[in-house]
Amino acid sequence: MTRKSGRCSGTDVTEFITADSGGIETACKCLTSGGIVAFPTESAYALGASVQSTKAMSRLADLKSRPSDQGFPILAPSTGYAASLIENPKGPAWD
């Protein structure tokens, strides 16, 4: 996670945090302020950003050298929340 002057800015310094309640709160604050976090998965580290922040998603695409026409997977707590993020959801997952 990156931080600047005590607030997550997504540009300057990397801060390593622990996976306890304080660390999770710090990561959430970073995400809601448009920052990017790195987190471990079963096989590698992943980068995450809030889908609600155009600036964060653009920065994530730049960091990953991802073409602008290639989307990102979204982790959502429910199909209802996921459907609220897209136009005209279709298919069996939305039924």
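Conventions adopted
- Within every chain, residues take consecutive numbers counted from 1 along the sequence as written.
- For this predicted model, a pLDDT threshold of at least 70 governs which residues receive local features, and a threshold of 80 or more governs which side-chain atom pairs are given and counted, while totals over whole chains, interfaces and linings are taken from all residues.
- Calculated side-chain values reflect all of the structure's heavy atoms, with hydrogen atoms and water omitted.
- Numbering of helices and strands starts at the N terminus; helices are DSSP runs of H or I of at least 4 residues and strands are runs of E of at least 2.
- Burial classification: accessible surface area is computed with a 1.4 Å probe over protein chains only, and a residue below 20% of its type maximum counts as buried, one above 50% as exposed, and the rest as partly exposed.
- Two residues form a contact once any of their heavy atoms are found within 4.5 Å.
- All accessible areas in this document rest on Shrake-Rupley with a 1.4 Å probe, and a residue is counted as covered only by the protein chains that are shown.
- Note on disulfides: each one is a pair of cysteine sulfur atoms within 2.5 Å.
- To count toward a patch, a residue needs a relative accessible area over 30% and no salt bridge; like charges are then connected within 9 Å, while nonpolar side chains (Val, Leu, Ile, Met, Phe, Trp, Tyr) are connected within 5 Å.
- By definition, a salt bridge exists where a carboxyl oxygen of Asp or Glu is found within 4 Å of a side-chain nitrogen of Lys or Arg.
- Strand pairing follows a simple DSSP-based rule, namely that at least 2 bridges must link the two strands.

Q: Which residues make up the overall build of the protein, and what values go with them?
A: A count of helical and extended segments in the protein gives three helices and four strands. Burial statistics for the protein: of 95 residues in total, 22% are counted as buried. By sequence separation, contacts in the protein at least 24 residues apart represent 19% of the contacts at least 6 residues apart. Of the roughly 7,100 Å² that the protein leaves accessible, carbon and sulfur atoms contribute 54%.

Q: Lay out the state of the cysteines in plain terms, naming residues and giving numbers.
A: Two cysteines form a disulfide when their sulfur atoms are joined by a covalent bond. Counted by the stated rule, this structure contains zero disulfides. You can see Cys-28 has no disulfide; the closest cysteine sulfur is in Cys-30, sitting 9.8 Å from it. The exposure class of Cys-28 is partly exposed, given its relative accessible area of 42%.

Q: Lay out a nonpolar patch on the surface with the relevant residues and their values.
A: On the surface, a cluster of nonpolar side chains totalling about 220 Å² of accessible area is made up of Val-51, Ile-74 and Tyr-81. Looking at the secondary structure, you find Tyr-81 in helix H3 (residues 79-84). Using a relative accessible area of 31% as the deciding quantity, one classes Tyr-81 as partly exposed.

Q: Quick rundown of the pattern of salt bridges? Include the residues and the values.
A: Across all of its chains, the model carries one salt bridge by this definition. When the shortest N-O distance is used, the salt bridge between Lys-29 and Glu-25 registers 3.2 Å. In this pair, Lys-29 and Glu-25 both sit in helix H1 (residues 21-32), four residues apart, roughly one turn of the helix. Under the relative-accessibility criterion, Lys-29 is labelled exposed at 52%. Glu-25 gets classed as partly exposed once you look at its relative accessible area, which sits at 45%.

Q: How would you summarise the pairing of strand S4 (residues 45-49) if you had to cite specific residues and measurements?
A: Looking at chain direction, strand S3 (residues 36-40) and S4 are connected through five bridges and run antiparallel. Directly across from Ala-38, in S4, lies its bridge partner Leu-47. Counting the residues in the hairpin turn of S3 and S4 gives four residues.

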